[in-house]
Amino acid sequence: MIEKRDFYINGRWTAPAAARDYAVIDPSTEEPCAVISLGDRADTEAAVAAAKAALPAWRATAPEERLAYVEKILAIYKERYEEMAEAMSLEMGAPIDFARSEQAGAGTWHIENFIKAAKDFEWVHPLGDGTPGAMIAYEAIGVVGLITPWNWPMNQVTLKVIPALIAGCTMVLKPSEEAPLSSLLFAEFIHDAGVPAGVFNLVNGDGVGVGSQLSTHPDIQMISFTGSTRAGKAISIAAAETLKRVVLELGGKGANLVFADCDEKAVKRGVRHMFENTGQSCNAPSRMLVERSYYEKALEIAAQTAAETQTGNPREPGRHLGPVINKSQFEKIQGLIESGIKEGARLIAGGLGRPEGLNKGYYVRPTIFADCTPEMTIMREEIFGPVLSIMPFDTEEEAVAIANDTPYGLTNYLQTQDPARTNRLLRALDAGMVVANGKSRGAGAPFGGVKASGRAREGGRWGIEEFCDVKSIGGWVE
Ligand code: NAD
């Protein structure tokens, strides 16, 4: 059993103020694999005090100096990459090959993109032509609280910690109590990179404890949060009294518009994307809308793709899916599959219960519903499991209206080979991110949504700006 009870406060591994053990469950066995501590108010206070004390010196360092620390963190991450992949595979059930390529890879990818963005970042620049002495300066917002979820642990942690360091902020990270092992390892990387004491602090805890203590703390200037829309609302309310900046990266219910002129891999790609990470991605394309003339063909490909999808032990190599994170997610997903059946959607793959041969572990059958209608629960609620809902449409206008008829607005997807329609719909779909034909959004592009998906813009230059206040200067002497 891994024992990781200490927190990282003021440059040291520190025992919790009060003993509150919390078992980390391996979702593939349903058994504890590690024990951590849940922090108390005294731990949060110690971490915030350390971050506050470290702020003046850290924000005064030259950006190049801060960047040098980030480059060291990246080098250590790369050296200990395998440990990072194994930690995530254990804590949240990502199959080891996926943990290596995607989960651990997301961390290095973001750090590299931030390094590039930081090199081009203009910390102080003229307002414009014809306004002599008028300058714009980007300055660290101050002490920040970072609260992250379990589904893409290092993706989220690097999207917050790295730009905060680059901007000159000091911080307290509270990773998800469900998947804390990767963050504890990341804290070791930061320590070994020699980041000054107090700049980065980590306190484990739950939402009602350390999470809300950070959200209400008068010495914290900003909360950057990724997780559920429910917790995002609670944090916004909690943070209102101290008028913090609150940056929220929340859930999604992405639409994937498949036109009859799509490329031949479009449906397969959409199904695979939906199932990736066992459906536990906020940007999953969970509603597939298919032009009616292509509908039967699309269902055939989708059912075939689901039938080819294997589920199994995350410690074994291969492209299979792992379990979902925990019992309550497993039960929530089962409940939503049941609602799909009851509300009249047609099951064309998967269904209730575990996949054949798996009697233990939070494994869910890769599931596809056809003939869905927009008002069904499975078309409206974020399922966060390997469950795809498909329905037909007749016109482009109808497809866009259905896609946009959701409280969420994180990512939408489009499959068509018509160039004019591609660009028209990339603008018509309401979302922070829209992607056509399986293309990449590009290195350093901002990640974030609109509406109930939150309005964060994480990654690259935009991700650094979020941790800055903009100072407007008059009378600058050239
Ligand atoms: P969650 O909201 O329950 O927890 C996320 C984090 O917030 C955890 O660290 C948790 O301890 C903390 N937390 C919970 N309640 C809190 C409160 N009241 N105050 C302060 N902190 C609190 O979410 P989860 O179950 O860990 O993650 C799944 C959800 O996160 C899904 O809905 C998913 O869509 C969303 N998510 C969104 C993104 C995105 O980028 N938009 C990324 C990952 C996950």
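Looking at an unreviewed UniProt entry, one finds the chain named aldehyde dehydrogenase (NAD(+)) and attributed to Paenirhodobacter ferrireducens.

Attention now goes to the packing of aromatic side chains. Scanning the entire structure with this criterion turns up 13 aromatic pairs. Where Tyr 77 meets Phe 186, the ring centres are 6.4 Å apart and the plane angle is 70°; that geometry is what we call edge-to-face. Here Tyr 77, found in helix H2 (residues 63-79), pairs with Phe 186, found in helix H6 (residues 181-192); they are 109 residues apart in sequence, far enough to count as distant. For the pair Tyr 77 and Phe 186, one class covers both residues: buried. Judged by centre distance (4.5 Å) and plane angle (50°), the ring pair of Phe 121 and Trp 123 falls under tilted. Phe 121 gets classed as buried once you look at its relative accessible area, which sits at 9%.

With that settled, the discussion passes to helix H5 (residues 153-167). For H5, built from 15 residues, the straight-helix expectation of 21 Å at 1.5 Å per residue is met to within 8% by its first-to-last C-alpha distance of 22 Å. The element H5 is extensively covered by neighbouring structure, given that 15 of its 15 residues are classed as buried. The positive-phi residue at the C-terminal boundary of H5 is Gly 168, with phi of around 100°.

Read from one edge of the open sheet, seven strands run S15-S16-S17-S14-S13-S18-S19, paired in mixed fashion. The open sheet has two edge strands with one neighbour each: strand S15 (346-349) and strand S19 (433-436). Within this sheet the neighbouring strands show an average axis-to-axis angle of 20°, counted without direction. Across four bridges, strand S13 (residues 255-258) lies against strand S14 (residues 287-291) in parallel orientation. Paired with Val 258 across the two strands is Val 290, which belongs to S14. Running at roughly 175° to S14, helix H13 (residues 396-404) makes contact with S13, S14, strand S17 (387-393) and strand S18 (411-415) of the sheet.

All right, on to a nonpolar patch on the surface then. Residues Ile 341, Leu 347 and Leu 352 make up a contiguous nonpolar surface patch of about 220 Å² in total accessible area. Mapped onto the secondary structure, Leu 352 falls in the loop between S15 and strand S16 (367-370). Of the residues examined, Leu 352 reaches a relative accessible area of 38% and is grouped as partly exposed.

Taken domain by domain, the chain holds domain 1 (2-250 + 454-473) and domain 2 (255-442). Computed from C-alpha coordinates alone, the two centres of domain 1 and domain 2 are separated by 30 Å. If you look at the interface, domain 1 gives 26 residues, while domain 2 gives 27 residues. Summed over both sides, the interface of domain 1 with domain 2 buries roughly 2,100 Å², with 51% coming from carbon and sulfur. If you sort the residues of domain 1 by the area they bury against domain 2, Glu 30, Pro 95 and Trp 150 come out on top, with a joint share of 25%. Linking domain 1 with domain 2 are three salt bridges. Between domain 1 and domain 2 we count 14 residue pairs in polar contact (both at pLDDT 80 or more) in total. Mapped onto the side of domain 1 that touches domain 2, the elements with two or more residues apiece are strand S4 (21-26), helix H3 (81-92) and helix H4 (96-120).

What follows covers the site of the ligand. Close to the ligand lie 30 residues, the nearest being Glu 177, Ser 228, Glu 249, Leu 250 and Glu 382. One of the backbone N or O atoms of Thr 148 is found 2.8 Å from an oxygen atom in the ligand. The separation between an oxygen atom of the ligand and a polar main-chain atom of Gly 207 is 3.5 Å. With the chains in place, 90% of the 840 Å² that the ligand exposes on its own is no longer accessible. Secondary structure elements with two or more residues in the shell around the ligand: helix H7 (207-216), strand S11 (222-226) and helix H8 (229-240). Tallying contributions element by element places H8 first for the shell around the ligand, with four residues. Split into classes, the residues belonging to the shell around the ligand amount to 13 nonpolar, eleven polar and six charged. A domain-level breakdown of the shell around the ligand finds at least three residues from each of domain 1 (2-250 + 454-473) and domain 2 (255-442).

Glancing now at the packing of H4 against H5. The N-to-C vectors of H4 and H5 enclose an angle of 20°; their axes lie 8 Å apart at closest approach. Here H4 is positioned roughly parallel relative to H5, judged by the angle of their axes. Here the hand of the crossing between H4 and H5 comes out right-handed. Here Gln 103, Ala 106, Gly 107, His 110, Ile 111, Phe 114 and Ala 118 of H4 come into contact with H5, specifically with Pro 153, Met 154, Asn 155, Thr 158, Leu 159, Ile 162, Pro 163 and Ile 166. Its residues assigned to classes, the contact of H4 with H5 shows ten nonpolar, five polar and no charged.

What follows concerns the sheet that holds strand S7 (residues 135-140). On the basis of which strands lie adjacent, the open sheet formed by three strands has the order S6-S7-S20 and antiparallel pairing. The strands lining the two open edges of the sheet, one partner per strand, are strand S6 (124-126) and strand S20 (468-473). Averaged over all pairs of adjacent strands, the angle between strand axes in this sheet comes to 25°, irrespective of strand direction. Inspection of the sheet shows S6 paired to S7 by three bridges, in the antiparallel sense.

About the thresholds
- Here the residue numbering is sequential within each chain, running from 1 through the sequence in written order.
- For this predicted model, a pLDDT threshold of at least 70 governs which residues receive local features, and a threshold of 80 or more governs which side-chain atom pairs are given and counted, while totals over whole chains, interfaces and linings are taken from all residues.
- In computing side-chain properties, one takes all heavy atoms of the structure into account and sets aside hydrogens as well as water.
- The rule is short: rings of Phe, Tyr and Trp, with Trp giving its six-membered ring, pair when the centres are within 6.5 Å, and they are stacked under 30 degrees, edge-to-face over 60, tilted in between.
- The numbering of helices and of strands both runs from the N terminus, where a helix is a DSSP run of H or I of at least 4 residues and a strand a run of E of at least 2.
- For the exposure calls, accessible area comes from a 1.4 Å probe over protein chains only, and a residue counts as buried if that area is under 20% of its type's maximum, exposed if over 50%, partly exposed in between.
- Each residue after the first adds 1.5 Å to the expected span of a helix.
- Following DSSP output, two strands are said to pair if at least two bridges run between them.
- Lines are fitted to the C-alpha atoms to define the axes, a helix being fitted only along its stretch in contact, and any angle between axes, read from their N-to-C directions, falls within 0 to 180 degrees.
- We call two residues in contact when some of their heavy atoms are within 4.5 Å.
- Here, patches come from residues exposed beyond 30% relative accessible area and free of salt bridges, joined within 9 Å for like charges and within 5 Å for nonpolar side chains (Val, Leu, Ile, Met, Phe, Trp, Tyr).
- Every accessible area reported is derived by Shrake-Rupley at a probe size of 1.4 Å, with residue values counting cover from the shown protein chains alone.
- Salt bridge, as used here: a side-chain nitrogen of Lys or Arg that lies within 4 Å of a carboxyl oxygen of Asp or Glu.
- An automatic or database domain assignment supplies the residue ranges for each domain.
- The term buried area denotes the loss of accessible surface (1.4 Å probe radius) that occurs when two parts are joined, taken as the sum for both partners.
- For this analysis, a polar contact is any N or O atom pair within 3.5 Å, provided that within protein one partner can donate a hydrogen and the other can accept it, and provided that sequence-adjacent residues contribute only side-chain to side-chain pairs.
- Whether a residue is near a molecule or strand depends on its heavy atoms: it is near if one of them lies within 4 Å of it.
- Classes in brief: Ala, Val, Leu, Ile, Met, Phe, Trp, Tyr, Cys and Pro nonpolar; Asp, Glu, Lys and Arg charged; the others, Gly included, polar.
- By the definition adopted for this analysis, an angle is roughly parallel if under 35 degrees, roughly antiparallel if over 145, roughly perpendicular if from 65 to 115, and oblique otherwise.
- Left-handed is the label given to a crossing in which the near helix is rotated counterclockwise from the far helix by less than a right angle, and right-handed is the label when the rotation is clockwise.

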